[in-house]
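# Architecture and fold: a report
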Amino acid sequence: MASCLLFYAWQHFECIQIRYHIEQLNSQRIQASELNQQLHLEVATLRAPKRVDAIASRLGLTVPVPGQVPPPDGLGEPVLAQARGMASTAQAIRP
Amino acid sequence: MEQRNPRLRWLVVWVLAVVWMAVVVGRLSYLQLFCYSEYFAKAQHQQQRTFEISPKRGTIYDRKGRELAVSLPMDSAFADPTDITDAGMVARLLSRVLNIPADDLETKIRQAHSPVRLAKKLSPQTVQRIDDMNLRGVFFQKENRRMYPQRELAANILGYVDVDEKGIGGIEYSLDKQIRGRPGRMMVVADGRRHWYDRTESAADPGASVVLSIDQTLQYIAEKELAHAIQDTHAKSGAIVIQDPNTGELLGVANYPTFDPNDAGSYPDDVRTDRAVSAAYEPGSTFKVITMTGAIENGITNPNELIDCQMGSIVVAGRLIHDHKPYGILSVRDVLANSSDVGSIKIALRLGAPKFYDVIRQFGIGQLTGIELPGENRGLLRPVENWTPSSIGSVAMGQEVSVTPIQIISAISAVANGGTYNHPRIVHQIRTETSDLPHAGADSHKSTDARTAATVRSMMETVILEGTGKHAKLDGYTAAGKSGTAQKIDPATGRYSKTDYVASFVGFAPVNDAAVTILVMLDSPVGAHGGGDVSGPVFKRVAEQVLAYLDVPHDVPVPTNIETAKNIHPVPRSGAQKPPVDEKSKESFEAAVANKKRAQSGSAPTIAFEDAAVVVVPNLAGQTVRAVSETCSRLGLVPGLIGNGVAVEQSPESGTRVLRGSRLTVRFGRQGELVPAAAHGSGN
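Here the focus is the confidence of the model for chain A. Residues and elements named next belong to chain A. Scored by pLDDT, chain A comes out at a mean of 76, with 73% of its residues at no less than 70. Within chain A, the element-level pLDDT minimum falls on helix H3 (residues 81–92), averaging 37, and the maximum on helix H2 (residues 49–58), averaging 93. In the predicted structure, residues 74–95 sits below a pLDDT of 50 and forms 35 contacts with residues beyond four places in sequence or in another chain.

Residue and element names in this part refer to chain B. Orientation of helix H3 (residues 87–98) relative to helix H5 (residues 124–133), taken along the N-to-C sense of each, is 160°, at an axis distance of 10 Å. By the angle between their axes, H3 is roughly antiparallel relative to H5. Handedness of the H3/H5 crossing: right-handed. Contact residues: Leu 93, Leu 94 and Val 97 in H3; Thr 126, Arg 129, Ile 130 and Met 133 in H5. Split by residue class, the contact of H3 with H5 holds five nonpolar, one polar and one charged.

Residue and element names in this part refer to chain B. The strand order across the open sheet formed by five strands is S12-S11-S24-S23-S22, and the pairing between neighbours is antiparallel. A single partner strand is all that each edge strand has here, and the edge strands are strand S12 (250–256) and strand S22 (480–489). Here the strands of the sheet are splayed against their neighbours by 10° on average, with no regard to which way each runs. The sheet contact formed by S22 and strand S23 (residues 496–509) spans nine bridges and is antiparallel. Bridge assignment links Thr 485 to a residue of S23, and that residue is Ala 503. Against the sheet, helix H18 (residues 531–549) makes contact with strand S11 (237–243), S22, S23 and strand S24 (516–523), and its axis sits at roughly 25° relative to S23, the strand it touches most.

Let us now look at the confidence of the model for chain B. Residues and elements named next belong to chain B. Per-chain confidence: chain B averages 85 in pLDDT, with 89% of residues scoring 70 or above. Counting interchain partners and residues more than four positions distant, the pLDDT-below-50 stretch residues 563–611 has 34 contacts. In this model residues 674–684 is a low-confidence stretch, pLDDT under 50, and it forms 42 contacts with partners more than four residues away in sequence or in other chains. Note on the complex model: pTM 0.75, ipTM 0.70.

What follows is about the packing of helix H11 (residues 288–297) of chain B against helix H13 (residues 341–351) of chain B. Residues and elements named next belong to chain B. It is at 10 Å that the axes of H11 and H13 come closest, and there the two elements cross at 40°. When the axes of H11 and H13 are compared, the pair comes out oblique. H11 and H13 meet at a crossing whose hand is left-handed. Along the contact surface, H11 presents Lys 288, Thr 291, Met 292, Gly 294 and Ala 295, while H13 presents Ser 344, Ile 347, Ala 348, Arg 350 and Leu 351.

To continue, consider the sheet that holds strand S29 (residues 646–651) of chain B. Residues and elements named next belong to chain B. The mixed open sheet is built from three strands, whose spatial order is S28-S31-S29. Both outer strands of the open sheet, strand S28 (638–643) and S29, are each paired with one neighbouring strand and no more. Mean inter-strand twist for the sheet, computed between neighbouring axes without regard to direction, equals 30°. Of the strands in this sheet, S28, S29 and strand S31 (663–669) touch helix H21 (residues 625–635), which is tilted by about 165° from S28.

Quick notes on the rules
Residues numbered from 1 in each chain as written. Chains lettered and ligands numbered in written order. Predicted model: local features only at pLDDT ≥ 70, side-chain atom pairs only at ≥ 80, totals over all residues. pLDDT = per-residue confidence, 0-100. Helix = DSSP H or I, 4+ residues; strand = E, 2+ residues; numbered from the N terminus. Contact = placed C-beta atoms within 7 Å. Axes fitted to C-alpha atoms, helices over the stretch in contact; angles between N-to-C directions. Parallel < 35°, antiparallel > 145°, perpendicular 65-115°, else oblique. Left-handed = near helix turned anticlockwise from the far one by under 90°. Nonpolar A, V, L, I, M, F, W, Y, C, P; charged D, E, K, R; others polar. Pairing = 2+ DSSP bridges.

Structure, rendered in structure tokens:
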């Protein structure tokens, strides 16, 4: 009977210790999650276009002018809506 | 005798032991059986604590998944008055850390009957200092704080939250129900040292995340160029809107002035307004696109028909209306290109008020677009039954009607995409952790037929190539657009002001298979106020950057007179001497740089040199038809000849630099015919 009582007491306190440990791990998990969110926020702040633009300007970089960045599909044939309209316009007015 | 004494002593000891045990057992039984409830409640009160878990507000992303608004958990300090024995001491200690008067803290603690919040959302350093004090009855609870890592970027679209994390303005307000989530509850058990060793949790439901149609980079381009334009023109306010004409999604909505939603309370209310949806204005000549579309769709006219613009004045129901310039005979194409009010009014008169009204309604004018932003203004379009006899003249040139930037850009996008009006949208997706929430898809309807849209696109291209939109011409892309210079109403007199204008330009590029529609609107620029002069260059700068970012292939060759920075300062080969600097060419180079920078202030330097592809339009006044034709042929210009006699008017004007192959329209008349001085009207 004494040994049963002792065993009961031991497992009771062991449960409490395990609960402490679980709670500790839970806290670590929450802290890691919060740190993850803070780092996401920090990344978003560091990648802000205004900040990047300011750094680029300090380094002497500017917005590329047209033609400086090659298009992915190469230069297409120029198509002007006006070109199609010119022929019909020429008919309406005197040469 | 001696044998009875030890037995008596043992008996006494046993009796005392039994009595002692009986007392102990009796006391234990009394405590366990009769006082159980009372002590259990005390233990629970000491050990257990129940918190409300504030839900994490949903994150707002741009279309590429970049965070625009996030919520971070932060510690708030609470005090349990039942656990605090010396409220005064606790208040004095916390006062130094929280920068709150000790008296206020003490009053709060004493007056509370349950845990009370002392300070919200503290920094980690402050939390650590309080924690180190190890004050009984003071504890922390997580509460979420809304943060906007991009600060002012898209602030008017995002909105902001109040101290209770309730959305105010923008998407934070309109989707507050979906974003805010539902709170949970947590019960924790703590030991004597306040270490938790058990918890029971009913988890909070986090809010749904929202993915906007906005692109962070395009938004920044629009905001940067708008800020430059405001600085250059000293305008009171402005807006730039970038839209995908094929879907109606808004890719960028810039407002000026704007604010930092991290500190929204520091800004006045009008700064927090989203002008793109809330501020209605008279569109002026940009509205002529709708006038022309209606007329062409109903077979009233065609781009080649000649219209007598009566040298710049017309009387409509007793009201005299002047053009900004006196024009004679113009083709319908040139009426739009030169923004002739007289020509537009004549076309509208032929269309008739009822049909004109129907056309306008088809383009969404005077109606809510249904965009997912609060405070949308439906603008003003009076029912046709309430039009006065002169209203048709006013509406034809964009007066007596008011629109928001969102409305006008959506109407122009319908022309750009072949005739389908797509309702503008700013929310791309709403999603929870497990699924996507249903979101009403973009609504659309046919506003005009494809053939009419193509014709009007061609006419709008002429506006940029030859008309009032020359400053909006893009390098490497075809573009179509329309400028607008609308007189504002003077609130003092109730009449149109002669000094305050809204200068706007709306256009799309490339002309065929448009990738973007862009509207630039500047309110009350100082000095130059023409839409083509003031907003056109802004359109050019924004469009070129946007099209490059979207990797839209060039559909026309990039002009060779635009030199890259590398070509201007070529790196000498190793061992080669640097060529001697020619002072004259250096001077002309610097002058060219300065001229170009003045013309394109605020943008990346685009260096232009004298080049065989560029010609200067000569003065053709007084020349015969034959001479003009020969001159055009020699210069590589395409002549558009109207009338008989000698040249009395030309477009573009002499001195204008154009590319070879550009169109030159010349009107002929009687020798000595004078070109009258410019008159007023709604303008270009």
